[in-house]
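In case you want the letters, here they are:
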Amino acid sequence: MQKIKMPNIKVFIKNKKFWKIFIPIILVLVVIGLALYAKFSVKPISVTTAKVTKGDIKQYYETTGTISSGAQDKYYLYEGVMVKEVKVKVGEKVKKGDLLATFDTSSLTSIIKEKKEAVDIAQKNYNDAVADKEDTLKRAEELDNRIESLKKQQAEVENSNGNGNGLTQDQADALRDYLDNNGNTQDPEAVQSALNAMQNSSQSIGSQIQMLETERAMVNTGQYDSVIKAYKQTLDAAKEDYNEALNEKKVLDEGWTASEDGKIGNVNIKSGEKYVYTPDESESNSLQSMLMSGSDNMSGSLASMLTQNSDTAKKGVGLVLDKYEGYQVSFSLGKYDAQIIKVGMPAVLQYTDYEYEAEVDYMSPYASGGSDLSSMVSGMMGGGMSNSGGGSSNALLCTAKIKNPDDILIVGFDSKLSILTSEKMDVLTIPVESLVIDEGKKYVFLYDEASSTAVKKEVEVGISSDKFYEVISGLSENDTIIVNTAKLTDGAVVEVK
């Protein structure tokens, strides 16, 4: 049997050609081994992915406000009028034209008579004031004419026209006649005596002028202007009040009807009872409020005082209708948010399970303190993108008109308000949860399908909604990004769900 000869291993080891071939093979096997180890020994992170797509983004400012009624109809009634029947109650929904209450108007006869007497008195007072001013103007004109005549006479005595005696020609002729009558035409002393007499006459005229001017200064025609204006306003108000009483009777004869669709906000009358006057908080005729109105309104204030007790018939609010067309939501803004929101911006009101279209229609020009209830409520409960108003004691009071209100809305309750501040159409978008912010920079993780790894990529984003960010740069349409980015690092092994 032939013996097989084994290769000499020592010869192979010493052979350089052997190492040139064997070492690269070993290295490749080590790399493959390490890769297989990494693949099978590290548990991949489970992720979900999404495509970068084009779409529309709407950015909203969100806050909380209070529903209120910005438009009310107040139904006024004279004290003492008998209410036949009240057909509505507080909070009841009514439609335009619905009958609200009926009345017995017999008591208005005396009220109308009273209003007519007030008109007659106001007319007489106005006529007397005008007549007094006319008499005063005549007296002033007479005094002005007398003063002017005396001043002219005095000037003729004192002024010279160059005849050497300091007299006018008429005065010189008068002096000549005077001297002729005394028989002393050539006596210088007599001439001087005549001149002294005329000087005394000038002083006498001056004294008369002074007395008349003093009397003229006391005749003040301007003092009647404000009085006459006040009496005229009083007369106009009395006429308006009288006509209003006549119209009131016509309205009450037919009964109160709803002017618009809405809800009954307040009822101060009862069936079968006479109305008892209740002052309206929004109206004030106090002397303090009139004085605070300023000097430009003093004639109006005087007229108010003149008519304050002109009659005894008081008129108050018997019923209030909150009109749907005036429903609004009141909210407040901090100083930074106030730069974002503008009048005219569309909004969405979320009330319980319902949504309503709205629009910002008012922003106060001044910030107010925390004394306003709606401002306080909105400030405590409101959110918003920047949330800048939370720590401030001042806030800007705003309202948004509700475009499609109905009986579901209840005045006084709070609601969520979303105001559209910006929108972009047909732009690249990514889900909000896919964005990572690290040291002021923004990133996403791309999914590398070939290596099953996450690749960190810096991006630039624009506006955002509650679901998407606008992508300005860094990504292309149909790029695959990882949505759930928690615990991800650049190069991490991932597994798509």
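**Student:** I'm lost on the overall build of the chain in this one. Help?
**Tutor:** A tally of regular secondary structure across the chain gives nine helices and 22 strands. Here the chain, with 497 residues, has 32% of them falling under the buried criterion. Taking as baseline every contact in the chain between residues at least 6 positions apart, the subset at least 24 positions apart corresponds to 81%. Summed over its atoms, the accessible surface of the chain is roughly 30,700 Å², and 52% of this surface lies on carbon and sulfur atoms.

**Student:** Would you mind showing me how to read unusual backbone geometry here?
**Tutor:** Phi is positive for D426, which is not a glycine, with a value near 55 degrees. Within the secondary structure, D426 is located in strand β15 (residues 414-431). Its identity is not glycine, yet K487 carries a phi of approximately 70 degrees, on the positive side. Inspection of the secondary structure assignment puts K487 in the loop between β21 (480-482) and β22 (494-496). Using a relative accessible area of 79% as the deciding quantity, one classes K487 as exposed.

**Student:** Even after reading the chapter, I still don't get the sheet that holds strand β7 (residues 99-104), so can you show me in this structure?
**Tutor:** The strand order β5-β7-β8 describes an open sheet built from three strands, whose pairing is antiparallel. What marks the edges here is a single partner per strand, and that holds for β5 (82-86) and β8 (256-257). Pairing of β7 with β8 involves two bridges; the strand directions are antiparallel. The residue of β8 that forms the bridge with L99 is T257.

**Student:** Help me understand the confidence of the model for the chain, please; the structure alone is not making it clear to me.
**Tutor:** For any part of a model where pLDDT is low, the fine detail of the predicted coordinates should not be relied upon. In this model, the chain carries a mean pLDDT of 79, and residues with pLDDT of at least 70 account for 71%. Within the model, pLDDT remains below 50 along residues 281-300, and this stretch shows 15 contacts once partners closer than five positions in the same chain are excluded. The model gives residues 370-392 a pLDDT under 50, and that stretch makes 44 contacts with residues more than four places away or in other chains.

**Student:** Would you explain the pattern of salt bridges in this entry?
**Tutor:** Side chains that differ in sign of charge can pair as their charged atoms come close. Evaluation of the coordinates by the stated rule reveals 16 salt bridges. With a closest N to O distance of 2.9 Å, K116 and D120 form a salt bridge. Highlighted residues: K116 and D120, both in helix α3 (residues 108-158), separated by four residues, approximately one helical turn. Classification of K116 as partly exposed rests on a relative accessible area of 34%. D120 gets classed as partly exposed once you look at its relative accessible area, which sits at 41%. Here K456 makes a salt bridge to D438, at a shortest N to O gap of 3.4 Å. Highlighted residues: K456 in strand β18 (residues 453-458) and D438 in strand β16 (residues 436-438), separated in sequence by 18 residues. Residue class for D438 comes out partly exposed when judged on its relative accessible area of 33%. Among the ionic contacts, a cluster of salt bridges with common partners joins D73, K323 and E325.

**Student:** Can you walk me through the pairing of β15 in this structure?
**Tutor:** In the case of a regular strand, side chains alternate between the two sheet surfaces. Relative to β15, strand β3 (residues 53-69) runs antiparallel, the two sharing 13 bridges. Within β15, the residue paired with K58 across the bridge is E423. As paired elements, β15 and strand β20 (residues 468-473) share three bridges and run antiparallel to each other. When the bridges of β20 are listed, P431 appears paired with F468.

**Student:** Quick question: what am I supposed to make of the sheet that holds strand β9 (residues 262-267) here?
**Tutor:** Pairing between the strands of a sheet is mediated by backbone hydrogen bonds and can be parallel or antiparallel. Across the sheet, which stays open at both edges, the four strands sit in the order β4-β10-β9-β6 with antiparallel pairing between neighbours. Each edge of the open sheet carries a strand with a single partner, namely β4 (72-78) and β6 (93-94). Here β6 runs beside β9; their pairing, made up of two bridges, is antiparallel. The residue of β9 that forms the bridge with V94 is G262.

**Student:** Please explain the packing of aromatic side chains as it appears in this structure.
**Tutor:** Note on aromatic pairs: each is described by the distance of the centres and the angle between the planes. In this structure the tally under the stated criterion is three aromatic pairs. Note on Y75 and W256: the rings are 5.3 Å apart at their centroids and 50 degrees apart in plane angle, and the pair reads as tilted. Here W256 lies in strand β8 and Y75 lies in strand β4, a separation of 181 residues in the sequence. Residues Y75 and W256 agree in their burial class; the two are buried. A ring pair is formed by F103 and W256, whose centres lie 4.7 Å apart and whose planes are at 65 degrees; its orientation type is edge-to-face. Taken together, the residues span a long stretch of sequence, with F103 in strand β7 and W256 in strand β8 at a distance of 153 residues. Each member of the pair, F103 as well as W256, is classed as buried. Members of the aromatic cluster, each reached through a chain of ring pairs, are Y75, F103 and W256. When the ring centre of Y443 is taken as reference, the NZ or CZ atom of K456 above it lies at 4.3 Å.

**Student:** Looking at this structure, how should I read the environment of Y224?
**Tutor:** On the secondary structure map, Y224 appears in helix α6 (residues 223-254). Counting along the chain gives 88 residues from Y224 to T136, while the straight-line C-alpha distance between them is 9.3 Å. Leave out the neighbours within four places in its chain, and Y224 touches A129, D132, K133 and T136.

**Student:** Hey, could you run me through the environment of P279 in this one?
**Tutor:** Here P279 shows up in the loop between β9 and α7 (287-291). Put simply, P279 and K314 are 35 residues apart on the chain and 8.9 Å apart in space, counted from C-alpha to C-alpha.

Criteria and thresholds
- Positions within a chain are numbered from 1, following the residues in the order the chain's sequence is written.
- Per-residue local features of the predicted model are confined to residues with pLDDT of at least 70, and side-chain atom pairs are confined, for both listing and counting, to 80 or more; whole-chain, interface and lining totals are unaffected and use all residues.
- Derived side-chain values reflect all non-hydrogen atoms in the structure, with water molecules and hydrogen atoms excluded from consideration.
- The numbering of helices and of strands both runs from the N terminus, where a helix is a DSSP run of H or I of at least 4 residues and a strand a run of E of at least 2.
- Summary of the burial criterion: residues with accessible area below 20% of their type's maximum are buried, those above 50% are exposed, and those between are partly exposed, where the area comes from a 1.4 Å probe applied to protein chains only.
- Whether two residues are in contact is decided by their heavy atoms: any pair within 4.5 Å suffices.
- All accessibility values rest on the Shrake-Rupley procedure with a 1.4 Å probe; residue burial counts only the protein chains present in the view.
- Two strands are said to pair when DSSP picks up at least two bridges between them.
- Values of pLDDT, ranging from 0 to 100, describe the predictor's confidence in every residue of the model.
- Between Lys or Arg on one side and Asp or Glu on the other, a salt bridge is scored when a side-chain nitrogen of the former is within 4 Å of a carboxyl oxygen of the latter.
- Stacked, edge-to-face and tilted are the three classes for Phe, Tyr and Trp ring pairs, Trp counted by its six-membered ring, which pair at centre distances within 6.5 Å; planes under 30 degrees apart are stacked, over 60 edge-to-face, the rest tilted.
- We count a charge as sitting over a ring when the NZ of a lysine or the CZ of an arginine lies within 6 Å of the ring centre and within 35 degrees of the ring normal.

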